[in-house]
Amino acid sequence: MLKLLQLLPKTCSPFTTRALYAGAVDGGLLRHAFRTDDANKDDLPLLDDSISAATALWKKEELLSRLKNLLNCTHEQSEKLYKANRKALRVFAARLLTDNIELLRANGIDDKFIYENPRVLSTPTDDLAKKLKLLRELPAVEDCKMLTPFLKASLKSIERMVAVAKQETIPGGNRINYLSERTGTEVPVVIKFFATNIRVYRIALDKFIANLDICLAHLEPAHVVRHLSVLAYATSSIRERLQALKNSPLETIKPWMVRVPDIALGKSFEAVIEKGRQPVFKDSVTGTWFETYVLKRIESLLGCTEETSRAIYDKCKGSVHLVDNIEFLLEKGVVAEVIIQHAPMLTSKREDLHQKVATLETLQCLRNLNDVVPLCVLKAYQLKKIVNNLNNEQLGPVNTNRIYYFADSTGFKPGEVTEQFARRTFMFRIPKDSFLANLKLFLEHMNREDILADLWAFKYSPGIVAERIARAKEVRGKKLMPWMVRCPDVVLEKSLQLTKESGALLGENETIVEYFCKRLGFDREVANSIFIKAPSVRNVRITKVKKVIDYLLDELDYTPNDIALNPRILMHSLQTTKKRMAHLKEIGCRPKSLIIVCKSQRQYDLFVKEWIDAKERKMKVQQYG
């Protein structure tokens, strides 16, 4: 009840809400409560039917088509733009995206920037226009189009940056040009890193210049540009830390070393003095790597972002062997993408990982180490046994084993097959004849994606697999799945029976959408809009849909529009629906909206209590009035 009160417009009083529940008003008020304020501002077509308000969603297909025509982009690019801005479409009209694209292009911004930064389109058009206007006011800028990376910053941050830039006097006209001249870096590159560290404009000009002078005296100019946040530290702290680093045995000094805790540097220097070697930024007592160092090393080694580095660190739970293992795999030719995708293998001890890779290199049919490196998540003894079995097995032509044979037969990449086989190690223990026979049967009757996703079916004998496929094919035709091979016989019979019943209702070529149109009397466009509102209805058995529709239309005299307004009723348990409807009839309530029947038990009980209380109050008013 409380949630519904929060969702309704402020003009609706609690009494109006109560009347709504009691069925005193039609569904129009409820539909209006869930409409966005700017729903009519988009020129995409909305339905004119009486149920249009309930299904007035901006059509994804039409929006994608408009984006594709406007930008002349591929389907994948338009899908990426839609997904990146999907949350904004819950608040703003769909025209926001197209208006912003036109605004950006009108200001000479390339489509490439839009593809690389799709979430910029989620900015309200007025705010985006203000950002563009402010950036044109930035002093000493030859080409405003170079400032597009700043569009990802907030409007408030850009206002502050432009205001500060207008007031200060600095060689080059602004801090961007000044930094470019001092470091010998191209302006677009400086802008790229300035946009991600826009808070640097909060630093006083004197402090900015002083800190830059200190850093350039000790650090590489390119490193300073990449780590502008170092300039925000106190001048005395930067000077003290860089002086300490200069007097240390370190061969190379990086900006991030200015930011690590003192304890990290202190213990590293102790190791240098005592052992005469480069510091490893590792606690000598606990043997644990300092987190800051590890994260930066992962970024540097794999060329990934801070978020990816943090994700790898968390997956490996800060393993002390993390950095060593990454360096070792890179030396062996394993690409960074594979390491990132299979980060859990980095938790192995350094000696164990070396042993695993050495075992994989003995694989006689090995084409590329990247194909089988996902197997490093297994124990060393498991991997050794698997490689021995593969080497002792003759399978097909030269340079082929089970992994490559499966990959070549299905068209998957060997690395994708290895990843699944590492999770289902029984694939290496299945007899060769069974493996080959089952794979042939599956490829003849099933999709390759389904086969790789459900490898358990390979554990059954080819005779059982062929018998199950034959039984299922008689009923389901080409729509076969691996679970039909391994499920209990009772489950398969029940599934086939339901398929027969569904086929009897739908016919050979009819879909659930077409059945929905025919049963409720809607056209296909309206039916599709309803399924967009409740997409899970597509997955409900057609036999259940028929029973629910029959009950609502024939026994309770509801209309097709009532079902269209609340399609969730088709997913709800028919037994529970009948029980609640009987209960509501007993207390004299016939809700005009079916939504209450689909609510949780707590919400349903609250509605019943509110309705009974309202009824008693009405009776008292009539009695004493």
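All of these numbers come straight from a predicted model, not from anything done at the bench. Numbers given to residues run from 1 along each chain, matching the order in which its sequence is written. Selection of residues for local features in this predicted model requires a pLDDT of at least 70, selection of side-chain atom pairs for listing and counting requires 80 or more, and totals for whole chains, interfaces and linings are taken over all residues. Only hydrogens and water are set aside; all other atoms, that is, all heavy atoms of the structure, feed into the side-chain values.

1. Observations concerning the overall build of the protein
Secondary structure elements follow DSSP: runs of H or I of four or more residues count as helices, runs of E of two or more count as strands, with numbering from the N terminus. What the protein contains, in helices and strands, is 35 helices and zero strands. Relative accessibility under 20% of the residue-type maximum defines a buried residue, over 50% an exposed one, and the middle range a partly exposed one, all with a 1.4 Å probe and only protein chains included. Of all 625 residues assigned to the protein, the portion counted as buried reaches 46%.

2. Considering the environment of Val187
Among the structural elements, Val187 can be located in helix H11 (residues 187-196). Taking the C-alpha atoms as reference points, Val187 and Met146, 41 residues apart in sequence, are found 8.3 Å from one another. Only heavy atoms enter the contact rule, under which two residues are in contact if any of them lie within 4.5 Å. Ignoring any residue separated from it by four or fewer positions in sequence, one finds Val187 in contact with Met146, Ile176, Asn177 and Ser180.

3. Side note on the packing of aromatic side chains
The pairing test for Phe, Tyr and Trp rings, Trp by its six-membered ring, is centres within 6.5 Å, and the orientation test on the planes gives stacked under 30 degrees, edge-to-face over 60, and tilted for anything in between. On inspection of all chains with the given rule, the structure shows eight aromatic pairs. Ring geometry for Phe194 versus Tyr201: centroids 5.8 Å apart, planes at 50 degrees, classification tilted. For Phe194, a relative accessible area of 0% corresponds to the buried category. Ring plane angle 70 degrees and centroid distance 5.4 Å describe the contact between Phe406 and Phe421, whose orientation is recorded as edge-to-face. Of the two residues, Phe406 is situated in helix H23 (residues 402-410) and Phe421 in helix H24 (residues 414-423); the sequence distance between them amounts to 15 residues. Both residues of the pair, Phe406 and Phe421, count as buried. Through a chain of ring-to-ring contacts, three or more aromatic side chains come together here, namely Phe406, Phe421, Phe428, Phe435, Phe442 and Phe458.

4. Focus on the nonpolar core
Only buried residues count toward a nonpolar core, which is a set of Ala, Val, Leu, Ile, Met, Phe, Trp, Tyr and Cys residues joined through side-chain atoms within 4.5 Å. With 129 residues, the main nonpolar core has Phe150, Phe194, Leu329, Phe406 and Phe458 as its most contacted residues. Ignoring anything within four residues of it in the chain, the contact list for Leu329 reads Val334, Ile339, Met345, Leu346, Leu353, Val357 and Val373. With 38 residues, the next largest nonpolar core counts Ile549, Leu574, Leu584 and Leu594 among its residues.

5. Regarding the pattern of salt bridges
Within this document, salt bridges are pairs made up of a side-chain nitrogen of Lys or Arg and a carboxyl oxygen of Asp or Glu, the two lying within 4 Å of each other. For the structure on display, the rule yields 18 salt bridges. A salt bridge links Glu116 to Lys112, with the nearest nitrogen and oxygen atoms 4.0 Å apart. With Glu116 and Lys112 both in helix H7 (residues 111-116) and four residues apart, this pair spans about one turn of that helix. Judged by its relative accessible area of 55%, Lys112 is exposed. One salt bridge in this structure joins Lys332 and Glu361, with 3.4 Å as the shortest N-O distance.

6. What about the confidence of the model for the protein?
pLDDT: the predictor's confidence for each residue, scored from 0 to 100. Per-chain confidence: the protein averages 78 in pLDDT, with 80% of residues scoring 70 or above. A low-confidence stretch, residues 1-41 (pLDDT under 50), is modelled with 51 contacts involving residues beyond four sequence positions or located in other chains. Per-residue pLDDT stays below 50 along residues 45-57; that stretch engages in 28 contacts with residues further than four places along the chain or on separate chains.

7. So, the packing of helix H10 (residues 175-183) against H11
Note on definitions: angles span 0 to 180 degrees between N-to-C directions of axes, and those axes are lines fitted to C-alpha atoms, for helices only across the stretch in contact. For the pair H10 and H11, interaxial distance at closest approach is 9 Å and the crossing angle is 120 degrees. Relative to H11, H10 is oriented oblique. Handedness of the crossing formed by H10 with H11: right-handed. On the side of H10, the interface is formed by Arg175, Ile176, Asn177, Leu179 and Ser180, while H11 contributes Val187, Val190, Ile191 and Phe194. Tallied by class, residues from the contact of H10 with H11 come to six nonpolar, two polar and one charged. Here the angle decides the label: under 35 degrees means roughly parallel, over 145 means roughly antiparallel, 65 to 115 means roughly perpendicular, and every other value means oblique. Crossings are sorted by hand: turned counterclockwise from the far helix by less than a right angle, the near helix makes the crossing left-handed, and turned clockwise it makes it right-handed. All residues other than Ala, Val, Leu, Ile, Met, Phe, Trp, Tyr, Cys, Pro, Asp, Glu, Lys and Arg, Gly among them, are scored as polar; the first ten of these are nonpolar and the last four charged.

8. Notes on the side chain of Asn325
Of note, Asn325 is situated in helix H18 (residues 322-331). Relative accessible area serves as the criterion here: at 0%, Asn325 is assigned to the buried category. Counted as a polar contact is a pair of N or O atoms within 3.5 Å, where, for protein atoms, one must be capable of donating a hydrogen and the other of accepting one, and residues adjacent in sequence contribute only when both atoms are in side chains. Of note is the side chain of Asn325, whose polar atom sits 2.8 Å from the backbone oxygen of Leu346. For Asn325, the contacting residues outside a window of four places in its chain are Leu346, Ser348, Lys349, Arg350 and Leu353.

9. Describing a positive patch on the surface
Every patch collects residues that have over 30% relative accessible area and no salt bridge, joining them within 9 Å if they carry like charges and within 5 Å if they are nonpolar side chains (Val, Leu, Ile, Met, Phe, Trp, Tyr). Computed with a 1.4 Å probe, the accessible areas rest on the Shrake-Rupley method; for each residue, only the protein chains presented here act as cover. The convention is simple: Lys and Arg are positive, Asp and Glu are negative, and His and the chain ends are not counted. For the purpose of locating charges, the reference atoms are NZ of Lys, CZ of Arg, CG of Asp and CD of Glu. On the surface, Lys83, Arg86, Lys87, Arg90 and Arg119 cluster together to form a positively charged patch. By the secondary structure assignment, Lys83 is in helix H5 (residues 75-84).

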